[in-house]
Number of protein chains: 2
Amino acid sequence: MPRIHVIVASNRPGSNGLPIGRWYARQLAQDGTADVTLVDLAEVNLPFLNEPEPADTGRYVHQHTRDWSATVSAADALVVVMPLYNGSFGAALKNAIDYLYAEWRDKPVALVSYSAGPSGGAPAAEMIRPVLTRLSMRVADTTVAIPRVNALIGEDGGFLPPEWLPEAAAAQQEELTGLLTAGAATAPAATA
Amino acid sequence: MPRIHVIVASNRPGSNGLPIGRWYARQLAQDGTADVTLVDLAEVNLPFLNEPEPADTGRYVHQHTRDWSATVSAADALVVVMPLYNGSFGAALKNAIDYLYAEWRDKPVALVSYSAGPSGGAPAAEMIRPVLTRLSMRVADTTVAIPRVNALIGEDGGFLPPEWLPEAAAAQQEELTGLLTAGAATAPAATA
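Residues numbered from 1 in each chain as written. Chains lettered and ligands numbered in written order. Predicted model: local features only at pLDDT ≥ 70, side-chain atom pairs only at ≥ 80, totals over all residues. Heavy atoms only, no water.

Here we come to the overall build of chain A. A tally of helices and strands in chain A yields six helices and six strands. Taken from the N to the C terminus, the helices and strands of chain A come in the order β-α-β-α-α-β-α-β-α-β-β-α. Whereas a compact globule of 192 residues would reach a radius of gyration of roughly 16 Å, chain A reaches 16 Å, a difference of no more than 12%. Its C-alpha atoms give chain A principal-axis dimensions of roughly 50 × 40 × 25 Å. Within chain A, the proportion of its 192 residues that are buried is 52%. Within chain A, contacts between residues separated by at least 24 positions form 79% of all contacts whose residues are at least 6 apart in sequence. In the structure as shown, chain A presents an accessible area of about 8,500 Å², 53% of it carried by carbon and sulfur atoms. For chain A, the distance from the average site of its 13 positive side-chain charges to the average site of its 20 negative ones is 6 Å. (Helix = DSSP H or I, 4+ residues; strand = E, 2+ residues; numbered from the N terminus. Rg over C-alpha atoms; globule rule 2.2 N^0.38 Å. Buried < 20%, exposed > 50% of the residue type's maximum accessible area, 1.4 Å probe, protein only. Contact = heavy atoms within 4.5 Å. Areas by Shrake-Rupley, 256 points an atom, 1.4 Å probe, with all protein chains shown as cover. Lys, Arg positive; Asp, Glu negative; His and termini not counted. Charge placed at Lys NZ, Arg CZ, Asp CG, Glu CD.)

All names here are of chain B. Summarising the element assignment, Ser 115 is placed in the loop between strand E4 (108-114) and helix H5 (122-134). Judged by relative accessible area, which is 6%, Ser 115 ranks as buried. Contacts of Ser 115, omitting those with residues within four sequence positions, involve Leu 84, Gly 120, Gly 121, Ile 146, Pro 147, Arg 148 and Val 149.

This next bit is on the pattern of salt bridges. A side chain of one charge can pair with a side chain of the opposite charge if their charged atoms are brought near each other. Residues and elements named next belong to chain B. Counted under the stated rule, the structure contains eight salt bridges over all chains. A salt bridge links Glu 126 to Arg 129; the nearest nitrogen and oxygen atoms lie 3.1 Å apart. Linking Glu 126 with Arg 129, this pair stays in helix H5, spanning three residues, or about one helical turn. Using a relative accessible area of 39% as the deciding quantity, one classes Glu 126 as partly exposed. We classify Arg 129 as buried; its relative accessible area is 19%. (Salt bridge = Lys/Arg side-chain N within 4 Å of Asp/Glu carboxyl O.)

All names here are of chain B. Phi at Asn 86 is positive, roughly 50 degrees, even though this residue is not glycine. In this fold, Asn 86 is placed in the loop between strand E3 (77-83) and helix H4 (91-98). Positive phi values are uncommon outside glycine, yet Asp 106 reaches one of about 70 degrees. Within the fold, Asp 106 resides in the loop between H4 and E4. A relative accessible area of 45% places Asp 106 in the partly exposed class.

As a further point, take the packing of aromatic side chains. Residue and element names in this part refer to chain A. Throughout the structure, instances matching the rule amount to eight aromatic pairs over all chains. On the numbers, 6.3 Å between centres and 65 degrees between planes, the contact of Trp 68 with Trp 104 is edge-to-face. You can see Trp 68 sitting in helix H3 (residues 63-73) and its partner Trp 104 sitting in the loop between helix H4 (91-98) and strand E4 (108-114), a full 36 residues away along the chain. Neither Trp 68 nor Trp 104 differs from the other in exposure class; each is buried. Linked through ring pairs, Trp 23, Tyr 24 and Phe 159 together constitute an aromatic cluster. (Phe/Tyr/Trp six-rings, centres within 6.5 Å; stacked < 30°, edge-to-face > 60°.)

What follows deals with the interface of chain A and chain B. Chain A puts 29 residues into the contact, and the matching count from chain B is 29 residues. Between chain A and chain B we count zero salt bridges in total. Inspection of the chain A/chain B interface yields 10 residue pairs in polar contact (both at pLDDT 80 or more). Going through the elements one at a time, H4 and helix H5 (122-134) of chain A are the ones with two or more residues in the side of chain A that touches chain B. A per-class count over the side of chain A that touches chain B returns 16 nonpolar, seven polar and six charged. (Polar contact = N/O pair within 3.5 Å; in protein donor to acceptor, adjacent residues only side chain to side chain. Nonpolar A, V, L, I, M, F, W, Y, C, P; charged D, E, K, R; others polar.)

Moving on: the pairing of strand E1 (residues 3-8) of chain B. Residue and element names in this part refer to chain B. For E1, a buried count of five out of six residues is recorded, marking the element as mostly surrounded by other parts of the structure. Of the pairings in the sheet, the one linking E1 to strand E2 (residues 35-40) comprises six bridges and is parallel in character. In the strand pairing of E2, Ile 7 is matched with Val 39. (Pairing = 2+ DSSP bridges.)

A few words now on the confidence of the model for chain A. Mean pLDDT for chain A: 94, with 95% of residues reaching 70 or above. Scoring of the predicted complex yields 0.94 for pTM and 0.94 for ipTM. (pLDDT = per-residue confidence, 0-100.)

Take the relation of the copies chain A and chain B next. With an RMSD of 0.0 Å, the operation that places chain A on chain B is a rotation of 180 degrees combined with a shift of 0.0 Å along the axis. Accordingly, the operation relating the two chain copies is best matched by a two-fold axis. Taking C-alpha positions as the reference, the residue of chain A nearest the rotation axis is A:Ala91, at 2.1 Å. Comparing interface residues between copies, 100% of those in chain A also lie at the interface in chain B; the contact surface is shared. (Least-squares fit on C-alpha atoms with pLDDT ≥ 70 in both.)

What follows is the structure, given as C-alpha cells:
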C-alpha cells in the first residue's frame, strides 16, 4: 500500500488547516488502499531555515532537519493542505520545503488549498507549483480549492466538507495513485 | 528627507543578504538626499506568524507585531534585499509581510534580489511582486538582480559590488524618489 502523508502546511495557532487535513487523511484512508499519515507542520515545529550549507548538499547539522528529512522520505506521495496568505503560500510551507532537496525528487504531490474568501486559495497552489516542479516533484494536475472555509468549521472545530469535496478528493487520489504507478513502472526499466 | 528602510529579507545565519544590504544602505545614503536605515530580519527576529486575528483587522496581541508595525510605519519607502530559494522568495520575507496589512498600503518599494546562480534571484522578485501589489504597495519597475553572489563576498565578509551595480542602484533610487514625490503630490489634492 502506498504511504501518503497529508501535510498541514500552516503552523498558525488555530489554523483551519488542521481540521481540513484530518478530514482529508480520513477520506484518503477510507477505502483501505493507502496508508495515510497526518503531518502537522505546527507539530513538526521547524525553526526558520538555519542549516549552514545549502540543502542540495544533503549535509544537515541540525536534528530537526534530519527528523524532517526522515518524515518526508517515509512518504511515497504527499498531499499538501495549504492556506492562502496575501495571494500566495504561507511562510511555514516554503520554510519546510527549503530545508530539504533530494527528498522531494520525483515524489508525487497533490495540492489542496483553502481560503476565507471565494478563491479557495487557488493562487497559493499555483504559486507553489513552479517551486515543486523545480524540485522535480510530480505535481498532480488536479488541484482542490476550498472557498469560504470559515463557514465550514463546525462548533466542535471539525471540518464540514462541501458536498462536492469527496468526489474532488477521490479524483485527486486517483491521479496521485496513477503517478505512483507510473513511477513504479519506470523504476525497473531504469535498472534493466 | 525621505526615510528609506533597506530590509535584509533573509534570517539565515551567515546570509549574503546582510553585506549586500549594508552596501545598498550606504549607497542610497551617500548623496545625502535620503535618511537610510538598515533593517535586518535576522535581528527583527519575528517568530512564525502567531497573531490570532487576521492582519487586516490591525488588532495585534503580540509585542513583536507592534514593534514590526512601528518599524515599517516609520519608513516612507522600502528597499527589499532578497534571496532566491528554489525559484521563489524565502519564508522569512513572506512571514514578515503577512504579519501586517495597513502598514504596507501605498508604500513605494524597490526589489533587489541575489543568488548563487546566474539568475540573480530575479524569479524571487517576480513572485513576490503580485503579493506586494495585492497589498497596494507601489512596486518600482526597476528591479536589480545580482548573480553569482558567492564570488562577490570578500575575505572580510564585505560585499564587492559588480561594476554595473552603482548605476543600477541609482536608477532604482531615482524611481523610488519619483514614486514618493508622486505620492506627496496626490496627498494634498485628496484633502482639498
